[in-house]
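Single-letter residue listing:
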Amino acid sequence: MEIHEWMINYTRQTEWIDRRGIFLWIAFYAGGLGGGLYLVSLYFNSLWGMFISWLIIAVIKGAAHLIYLGKPLRFWRIVFRPNSSWLARGIIFVLAFVVFAAVQLALSFWLPGTALEIVFKVLAGMAALAVTVYTGFVLNTVKAVPFWNSTLLPLLFVLCGILGGFGLAVIIGLNGGNVNIAVAEAGSRWLLIINALLIVVYLWTAANRETTGKKSVMEQMRGNLAPVFWVGIVALGIVIPLAIAFSSYFVSEVSSALLVTGVACEVIGGLALRYCVLKAGAYKPLVAIAG
Amino acid sequence: MRWGMAVDLTQCIRCYACVAACRIEHFLPMGMSWPRLVAMETGGDSPTVSTYSVRCNQCQDAPCVEVCPTGATYQREDGIIAIDQDKCVGCRYCIIACPYQNRTFLSKDKNQGFFPGRVETDFEKAGKKLYRHQVGTTEKCNFCAERIDAGLAKGLKPGVDREATPACVNTCPAQALTFGDLDDPDSEVSRLIKEKNGFQLHPEYDTNPSVYFIDGKIGFSETSNIKDDSKRETAPTGAER
Ligand code: SF4
Ligand code: SF4
């Protein structure tokens, strides 16, 4: 008899991360990063930042979703039932963002300072926030996966997206975009600290939720996911960017190369976080077994 | 009316006939099985293998229905959770939401034919005409809804008349599977569940499954001679997916 553990022990979800599921991981992360960058760009009024965030959501996120679907030509069916689930609402937010931000970009380019531009900035900003947050709700409403069943998840995803947004804003600033690098760095610093604390609280509460939640946490810290967790999330996503951020705070002048390295680490950290969250999601055994 | 099933684990002889019957009835591709026999090994001095036969529970508060963004997964009036294959976009949210993991996404590699790259059997050719499976969509057990509908149209009674009864129930040589109307207190299935304390899997999810299991020691073979439950240790040995 073939040996495996389907629904007898801890059973990982595979559909949304393994094989083609990788595209869903990319789509989820691109939504957070693009939405976060748009919000940060609104703050700095950086047209380049808004344009890049539009590209991330419309092109990378959109394409990744379509590639993932089993029947991509039927994708329009998703948007007609917004009351059904967060996935339907999320795709509506994405479409709304793509339309509102495109109009806003055109208005900012050709008719800057008009009331209409402000209206579309507000609309696109709300849609960007919704794009950043909805993936957290898609996961945390799944009762069957205790590791995801946490109200902290949407918050974690939003903050992680805005953190990535601040990082990309630094790069845009370094390349002559309309971004105050010192402010963007300060934003990164604070969010890095808050994110690190939130990750600790998230894992702590997940580990105390149920046996399966604890197994998911252990899988990340000591199991197969440990390299991604410790290298990707902890070292690249938190420690190195934090070290660079604080050295720039105390030493004042930090080389552009180091700043870019810090941002690259932040992006890898964000990807690793989404990867671990998706990969460690698991179901309870079908039957409670003694022993 | 609410169709339901009782799986009597004290009767099941672990023969896989239900799994085979479903494959034949629905011309299932080799990479997919709607019902599954999940097996585990009980530890102790004389380990035994125990199994439980699982399939979609046709939950009355089904999370898969709740999350489906297209409405492809829906609940029929008789309680069966059905999938409209022409509406499914293959997002797999329903698979993620099912606490029992009873759904399968039909990907290309699961549909490569019985003898990939060699010959297409007459059985497979017939299947293409009689029961179309769409690669890129999600599938699961539907309690043989097509048999129930055709049987009812002829005035037959599901669970009583073979022609209107799910294929796995008809095939089970140990009569471990019983099918019928859960809303009818006099039906065989309702009586069995009541008399033998049938229970649902994971009631804490509030899904209200229509499949009940009978056996106070679910997961353990009744032939196991380990008396002290606390001494039982299990190790997975195999499962059909
Ligand atoms: S067992 Fe799973 S697939 Fe079947 S109705 Fe319940 S939630 Fe849906
Ligand atoms: S895979 Fe199909 S049936 Fe499942 S949730 Fe998506 S559209 Fe609905």
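Each remark here, short or long, concerns the structure printed above.
Everything numeric in this text was worked out from a predicted model, so none of it was measured. (Residues numbered from 1 in each chain as written. Chains lettered and ligands numbered in written order. Predicted model: local features only at pLDDT ≥ 70, side-chain atom pairs only at ≥ 80, totals over all residues. Heavy atoms only, no water.)

### Focus: the overall build of chain A
- The number of helices and strands found in chain A is nine helices and two strands.
- In chain A, the order of α-helices and β-strands from amino to carboxyl end is β-α-α-α-α-α-α-α-α-α-β.
- Relative to the compact-globule value of 19 Å for 291 residues, chain A shows a C-alpha radius of gyration of 20 Å, a close match.
- Taking the principal axes of the C-alpha coordinates as reference, chain A spans close to 70 × 50 × 30 Å.
- Taking all 291 residues of chain A together, the buried fraction comes to 53%.
- Summarising the internal contacts of chain A: among those between residues at least 6 apart in sequence, 74% fall at separations of at least 24.
- Carbon together with sulfur atoms contributes 72% to the accessible area of chain A, which is approximately 12500 Å² in total. (Helix = DSSP H or I, 4+ residues; strand = E, 2+ residues; numbered from the N terminus. Rg over C-alpha atoms; globule rule 2.2 N^0.38 Å. Buried < 20%, exposed > 50% of the residue type's maximum accessible area, 1.4 Å probe, protein only. Contact = heavy atoms within 4.5 Å. Areas by Shrake-Rupley, 256 points an atom, 1.4 Å probe, with all protein chains shown as cover.)

### Some words on the overall build of chain B
- A count of helical and extended segments in chain B gives seven helices and ten strands.
- Split into buried and exposed, the 241 residues of chain B put 61% on the buried side.
- Total accessible area on chain B is roughly 10400 Å²; 50% of this is exposed by carbon and sulfur atoms.

### Details of the pattern of salt bridges
All names here are of chain B.
- What the rule picks out here adds up to 16 salt bridges over all chains.
- The salt bridge partner of Asp8 is Lys196, with a shortest N-O separation of 3.5 Å. On the criterion of sequence distance, the pair formed by Asp8 in strand S1 (residues 3-8) and Lys196 in the loop between helix H7 (188-195) and strand S9 (211-214) is long-range, its members being 188 residues apart.
- The class for Asp8 is buried, based on a relative accessible area of 5%. (Salt bridge = Lys/Arg side-chain N within 4 Å of Asp/Glu carboxyl O.)

### Re the site of ligand 2
- As a matter of local geometry, ligand 2 sits amid B:Cys68, B:Pro69, B:Thr70, B:Ala72, B:Thr73, B:Cys88, B:Val89, B:Gly90, B:Cys91, B:Arg92, B:Cys94 and B:Thr138.
- Here the residues of the shell around ligand 2 are counted per class, giving seven nonpolar, four polar and one charged. (Near = heavy atom within 4 Å. Nonpolar A, V, L, I, M, F, W, Y, C, P; charged D, E, K, R; others polar.)

### So, the side chain of B:Arg76
Residues and elements named next belong to chain B.
- With respect to the helices, strands and loops of the structure, Arg76 is situated in the loop between strand S4 (73-75) and strand S5 (81-83).
- A polar contact of 2.8 Å, which involves the side chain of Arg76, links it to the side chain of Asp149.
- The residues contacting Arg76, other than those within four sequence positions of it, are Ala82, Ala145 and Asp149. (Polar contact = N/O pair within 3.5 Å; in protein donor to acceptor, adjacent residues only side chain to side chain.)

### Examining the packing of aromatic side chains
- The tally for this structure, following the rule as stated, stands at 19 aromatic pairs over all chains.
- Residues A:Tyr38 and A:Phe97 carry aromatic rings whose centres are separated by 5.1 Å and whose planes lie at 90 degrees to one another, so their mutual orientation is edge-to-face. Linking A:Tyr38 in helix H1 (residues 22-44) with A:Phe97 in helix H3 (residues 86-110), this pair joins segments that are 59 residues apart in sequence.
- A relative accessible area of 0% places A:Phe97 in the buried class.
- Through pairs of rings, three or more aromatic residues link up here, namely A:Trp16, A:Phe28 and B:Tyr93.
- In this structure, A:Arg89 packs its charged tip against the face of A:Trp86, placed 4.5 Å from the ring centre.
- Across the ring face of B:Tyr205, the terminal group of A:Lys284 is positioned such that the distance to the ring centre comes to 5.1 Å. (Phe/Tyr/Trp six-rings, centres within 6.5 Å; stacked < 30°, edge-to-face > 60°. Lys NZ or Arg CZ within 6 Å of the ring centre and 35° of its normal.)

### A few points about the site of ligand 1
- The immediate surroundings of ligand 1 are formed by 13 residues, with B:Cys56, B:Cys59, B:Cys64, B:Cys98 and B:Arg103 found nearest.
- Its residues assigned to classes, the shell around ligand 1 comprises eight nonpolar, three polar and two charged.

### Section: the sheet that holds S1(B)
Residues and elements named next belong to chain B.
- Overall, mixed pairing links the three strands, which are arranged S8-S1-S9 in an open sheet. Strand pairing shows two members of the sheet lacking a second neighbour, strand S8 (177-181) and S9, which therefore form its edges. Adjacent strand axes in the sheet meet at a mean angle of 20 degrees, parallel and antiparallel pairs treated alike.
- With five bridges connecting them, S1 and S8 associate as antiparallel partners. Bridge pairing in S8 places Val7 opposite Leu177.
- Against the sheet, H7 contacts S1, S8 and S9, and its axis sits at roughly 115 degrees relative to S8. (Pairing = 2+ DSSP bridges. Axes fitted to C-alpha atoms, helices over the stretch in contact; angles between N-to-C directions.)

### Some details on the packing of helix H2 (residues 47-68) of chain A against helix H4 (residues 115-140) of chain A
Residue and element names in this part refer to chain A.
- Look at H2 against H4: their axes get within 13 Å of each other, and the N-to-C directions meet at 45 degrees. Compared by their axis directions, H2 and H4 come out oblique. Seen from above, H2 lies across H4 with left-handed handedness. Only Lys121, Val131, Tyr134 and Thr135 of H4 make contact with H2, whose side of the interface consists of Met50, Ile57, Lys61 and His65.
- Along the lines of polarity and charge, the residues of the contact of H2 with H4 split into four nonpolar, two polar and two charged. (Parallel < 35°, antiparallel > 145°, perpendicular 65-115°, else oblique. Left-handed = near helix turned anticlockwise from the far one by under 90°.)

### Remarks on the environment of B:His202
- Assignment of secondary structure puts B:His202 in the loop between H7 and S9.
- Along the primary structure B:His202 and B:Pro99 are separated by 103 residues, whereas in three dimensions their C-alpha atoms are 8.4 Å apart.
- Residue contacts for B:His202: discarding those within four places in its chain leaves A:Lys284, A:Pro285, A:Leu286, B:Tyr100 and B:Thr207.
- Within the structure, B:His202 has its side chain in polar contact with the side chain of B:Glu204 (distance 2.7 Å).

### A few points about the nonpolar core
- By size, the foremost hydrophobic cluster in this structure holds 134 residues, and its most contacted members are A:Leu139 and A:Trp148.
- Looking at which element gives the most residues to this core, the answer is helix H5 (residues 152-174) of chain A, with 13 residues.
- With sequence-adjacent residues up to four places away left out, A:Trp148 is seen in contact with A:Gln13, A:Leu139, A:Asn140, A:Val142, A:Leu153, A:Tyr202, A:Val277, A:Leu278, A:Gly281 and B:Ile96.
- One finds B:Ala6, B:Val189, B:Leu192 and B:Tyr212 within the second-largest nonpolar core, a separate group that totals seven residues. (Core = buried A, V, L, I, M, F, W, Y, C linked by side-chain atoms within 4.5 Å.)

### Regarding H2(A)
Residue and element names in this part refer to chain A.
- The end-to-end C-alpha distance of H2 is 31 Å, a good match for the 32 Å that 22 residues give at a rise of 1.5 Å each.
- Every buried residue belonging to H2 is among Gly49, Met50, Ser53, Ile56, Ile57, Lys61, Ala64, His65 and Tyr68, and all of these are buried.
- Against H1, H3, H4 and H5 lie the buried residues of H2. (Expected span 1.5 Å × (residues − 1).)

No statement about biological role is implied by the geometric values presented.
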